[in-house]
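Analysis of the macromolecular model
Letter by letter, the chains look like this.
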Amino acid sequence: MPSLSFAFHVAGILVAGLGMLMMVPAIIDLALGNVDWQVFADCALVTWFIGLLLAQATRRPATELLSIRDGFIMTTLVWVILAGFSALPFLGLGLDYSDAYFEAISGLTTTGATVLTGLDHLPPGILFWRALLQWVGGVGIVVMAILILPFLRVGGMQLVHIESSERSGKVVPRAFQLISYIVGIYSGLTFACAVAYGLAGMTPFDAVSHAMTTLSTGGYANYDASFAYYKQASVHWLGIFFMIAGCLPFIAYIRAVQGDPGNIWRNPQVKALILLLAIAGVGLALWLSFAQGIAFADALRLSLFNVTSVVTTTGFASDDFGSWGPLAAVVFFVLMFAGGCTGSTSGSVKLYRHLVLAVVVRAHLQRLAHPRRVVPLTYAGRRLPADIAPSVLAFLAVYLGTIVVFATALAAMGLDFTTSISAATTAIGNVGPGLGTVIGPAGNFASVPDPAKWILSVAMLMGRLELFAVLVLLDPDFWRS
């Protein structure tokens, strides 16, 4: 039987750290004279105290090693517990716990779906807490994707391990150094984004908050209108640039810092990303220009911003693309399945799985034409290990099946077809807004029934943890000795 003590011990340490993190929005509210600082201070004390108790009560000898099954349990349990405590400050807004947990899990998983309205008038501490949750969740998923999921063999995530290793060895010799690189690069990009937003016209508070939710590809905004609140074209173009920066592989960033900047542009995923954004962005811009009479320059900015937001699973919106017509709705729905690069903060299927699928399909077609031909499966000039292609195909099948299951469950809650299918897709893909009048770019999830919010919370968690890391816990054999 796998042990739960180590998972709860790690969760306790992180919960205590979360309690300390709650003091940041408390200090912001206090400095700005907002009485909500007391809510954060109380939540911080309770969270920190419970975290310390949990960590202390579940201590075990340091010589015990972490097993693969312990890793699965820890990965899922930590995210569930952290979201539970992260929800506490939202209760101060008068939300019930269903809404508070939905907002917290959406933040930590960098989904960006929200139940809050009137963002323009919310206390600054709450707005910063939402941004902070996404920023922490973004770097957390990158670390997990690079250090844990490859060894748990989750849906083709082994490829991350291949990309993080040269033929001569690893990118950096120690895990701690790798984490240091990731956090340093992530923080540096966030700082650069904040400075750029500030120079483009955002207030310092908005610049920092939006920089955190941009690089984490999370999409929480400080205004109900999201990026449509800003009329400066420069803000939108900067958003496009830094959303792309957030969905590039951090391994490529590390190699660039180590003296090989060209590695980023040699990455097959990056090439595929730029090509996808160019085709979809320009195509929709032409559609907007001809169908709605928008000047091409404005149409291109609107199109590229929202296409980039959906592909990178950020979830910002500079316009209500739900009103662009049926063609645009279909295009955006398809783009929800794209995702950014592996080893980045983005969600959804991710481009490397699409590239592996293309390799498999191409090889199959070649074998049909020449049955005796031996067709090796290669990616980025290297032969794919035998277990990657089957795990990617299994992931894609389970991904689509999971969307069907969750969409059916949401429809059983009374949601219409468009809302059900797009909500399931956007939750599992951690995209943010869905389609339709209810949860589209101009709406939110406030009117969704509470049972549906819990279903979507599970979907967001499963999508963020690459499905198999959660599904394996449902297998009875997992819990047997």
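Just so you know, these numbers come straight off a predicted model, no measurement behind them.

Attention shifts here to the overall build of the protein. A count of helical and extended segments in the protein gives 21 helices and 4 strands. Taken over the C-alpha trace, the protein has a radius of gyration of 22 Å; the compact-globule value for 481 residues is 23 Å, and the two agree within 12%. When its C-alpha atoms are laid out on the principal axes, the protein stretches across 75 × 70 × 50 Å. Classification of the 481 residues of the protein by burial places 56% in the buried group. The contacts in the protein between residues at least 6 apart in sequence include a share of 71% that link residues at least 24 apart. Looking at the protein as shown, the accessible area adds up to about 19,600 Å², and 70% of this sits on carbon and sulfur atoms. Both charge centroids of the protein, one from 24 positive and one from 23 negative side chains, sit 19 Å from each other.

If you look at the biggest cluster of nonpolar residues, it comprises 148 residues, and the most contacted ones within it are Phe-90, Phe-332 and Phe-445. Not counting chain neighbours up to four residues away, the residues in contact with Phe-90 comprise Leu-95, Ala-100, Glu-103, Ala-104, Leu-116, Ile-126, Trp-129, Arg-130 and Leu-133.

Attention now moves to a nonpolar patch on the surface. Taken together, the side chains of Met-20, Leu-45, Val-46, Trp-48, Phe-49, Ile-50, Leu-52 and Leu-53 present a nonpolar region at the surface, about 770 Å² in accessible area. With 7 residues, the top contributor of residues to the nonpolar patch is helix H3 (residues 37-57). What makes Met-20 exposed here is its relative accessible area of 57%.

A word on the confidence of the model for the protein. Overall, the predicted model of the protein reaches an average pLDDT of 87, with 91% of residues at or above 70. Per-element mean pLDDT across the protein ranges from 42 in strand S1 (residues 165-166) up to 96 in helix H9 (residues 204-215). Considering only residues more than four positions removed or in separate chains, one finds that residues 162-169, a stretch of pLDDT under 50, has 20 contacts.

What follows concerns unusual backbone geometry. One non-glycine residue with positive phi stands out, namely Lys-350, at about 80°. If you trace the backbone, Lys-350 turns up in the loop between helix H15 (326-335) and helix H16 (351-369). Unusually for a residue other than glycine, Asn-430 sits at a positive phi of about 55°. Relative to the helices and strands, Asn-430 resides in the loop between helix H18 (417-428) and helix H19 (436-439).

This brings us to the pattern of salt bridges. Tallied over the full model, the rule gives 7 salt bridges. Linking Asp-99 and Lys-453 is a salt bridge whose minimum nitrogen-to-oxygen distance equals 2.4 Å. Here Asp-99, found in helix H5 (residues 97-108), pairs with Lys-453, found in helix H20 (residues 450-464); they are 354 residues apart in sequence, far enough to count as distant. By the burial criterion, Asp-99 is buried, and Lys-453 matches it. For the salt bridge of Lys-350 with Glu-466, the shortest nitrogen-to-oxygen distance reads 3.1 Å. Here Lys-350 is found in the loop between H15 and H16, whereas its partner Glu-466 is found in the loop between H20 and helix H21 (468-471), with 116 residues between them in sequence. The buried category is assigned to Lys-350, whose relative accessible area is 4%.

Moving on, we come to the side chain of Arg-464. Within the secondary structure, Arg-464 is located in helix H20. Although Arg-464 lies buried, it forms no salt bridge, and the closest oppositely charged side chain, Glu-466, sits 5.6 Å away as judged by the N-O distance. Not counting residues up to four positions away in its chain, the partners in contact with Arg-464 are Trp-79, Thr-109, Thr-110, Ile-141, Met-144, Thr-345, Ser-346, Gly-347, Lys-350 and Asn-430.

Moving on: the packing of helix H4 (residues 68-86) against H5. Between H4 and H5, whose axes approach to 8 Å, the crossing angle comes to 125°. If you check the angle between H4 and H5, you find them oblique. In this structure, H4 meets H5 at a crossing whose hand is right-handed. Of H5, the residues touching H4 (which contributes Trp-79, Val-80, Leu-82, Ala-83, Gly-84 and Ser-86) are Tyr-97, Tyr-101, Ala-104, Ile-105 and Leu-108. Considered class by class, the residues forming the contact of H4 with H5 number 9 nonpolar, 2 polar and no charged.

Turning our attention to H15. Along H15, the residues classified as buried are Ala-328, Phe-332 and Leu-335. Viewed end-on, H15 has its buried residues packed into an arc of 60°, placing them on one side of the element. Turned more than 90 degrees from where H15 packs its buried face, Pro-326, Val-330 and Val-334 sit exposed. On its buried side, H15 packs onto helix H13 (268-292) and helix H14 (296-311).

Before going further, it helps to spend a moment on the packing of aromatic side chains. Per the counting criterion, the structure on display carries 24 aromatic pairs. Cluster of aromatic residues (ring-pair linked, three or more members): Tyr-197, Tyr-223, Phe-227, Tyr-229, Tyr-230, Phe-305 and Phe-316. Lying across the ring of Tyr-220, Arg-130 places its NZ or CZ 3.9 Å from the centre.

What counts and what doesn't
- By convention here, each chain's residues receive numbers from 1 onward along its written sequence.
- Residues qualify for local features only when their pLDDT is at least 70, as the model is predicted, and side-chain atom pairs are given and counted only at 80 or more; totals for whole chains, interfaces and linings, by contrast, use all residues.
- Calculated side-chain values reflect all of the structure's heavy atoms, with hydrogen atoms and water omitted.
- Every helix listed is a DSSP run of H or I at least four residues long, and every strand listed is a run of E at least two residues long, numbered separately from the N terminus.
- Note on method: radius of gyration uses C-alpha positions; expected globular size equals 2.2 Å times residues raised to 0.38.
- Note on classification: 1.4 Å probe, protein chains only; a residue is buried when its accessible area is under 20% of the maximum for its type, exposed when over 50%, partly exposed between these limits.
- We call two residues in contact when some of their heavy atoms are within 4.5 Å.
- Here the open area of atoms and residues is found with the Shrake-Rupley method and a 1.4 Å probe, where only the protein chains shown may cover a residue.
- In summary, the charge assignment counts Lys and Arg as positive and Asp and Glu as negative, without counting His or the chain termini.
- Where a charge lies is defined by one atom per residue type, namely NZ (Lys), CZ (Arg), CG (Asp) and CD (Glu).
- Among buried residues, the Ala, Val, Leu, Ile, Met, Phe, Trp, Tyr and Cys ones that are joined through side-chain atoms within 4.5 Å form a nonpolar core.
- Only residues whose relative accessible area exceeds 30% and that form no salt bridge are eligible for patches; like-charged ones are grouped when within 9 Å, while nonpolar side chains (Val, Leu, Ile, Met, Phe, Trp, Tyr) are grouped when within 5 Å.
- When a carboxyl oxygen of Asp or Glu is within 4 Å of a side-chain nitrogen of Lys or Arg, the pair counts as a salt bridge.
- Confidence of the predictor at the level of single residues is captured by pLDDT, which takes values from 0 to 100.
- Where helices are involved, their axes are fitted lines through C-alpha atoms of the stretch in contact, as for all axes, and angles between N-to-C directions lie from 0 to 180°.
- Comment on the angle field: the value is read as roughly parallel under 35 degrees, roughly antiparallel over 145, roughly perpendicular from 65 to 115, and oblique elsewhere.
- Each crossing gets its handedness from the near helix: less than a right angle anticlockwise from the far helix is left-handed, clockwise is right-handed.
- Residue type decides the class: Asp, Glu, Lys and Arg count as charged, Ala, Val, Leu, Ile, Met, Phe, Trp, Tyr, Cys and Pro as nonpolar, and the leftover types, Gly among them, as polar.
- Working definition: the arc comes from the directions between the helix axis and the C-beta atoms, pointing outward to the latter.
- Here is the rule: rings of Phe, Tyr and Trp (six-membered ring for Trp) pair when centre to centre is within 6.5 Å. Planes less than 30 degrees apart are stacked, more than 60 are edge-to-face, and the remainder are tilted.
- Lysine NZ or arginine CZ positioned within 6 Å of the ring centre and within 35 degrees of the ring normal marks a charge as sitting over the ring.

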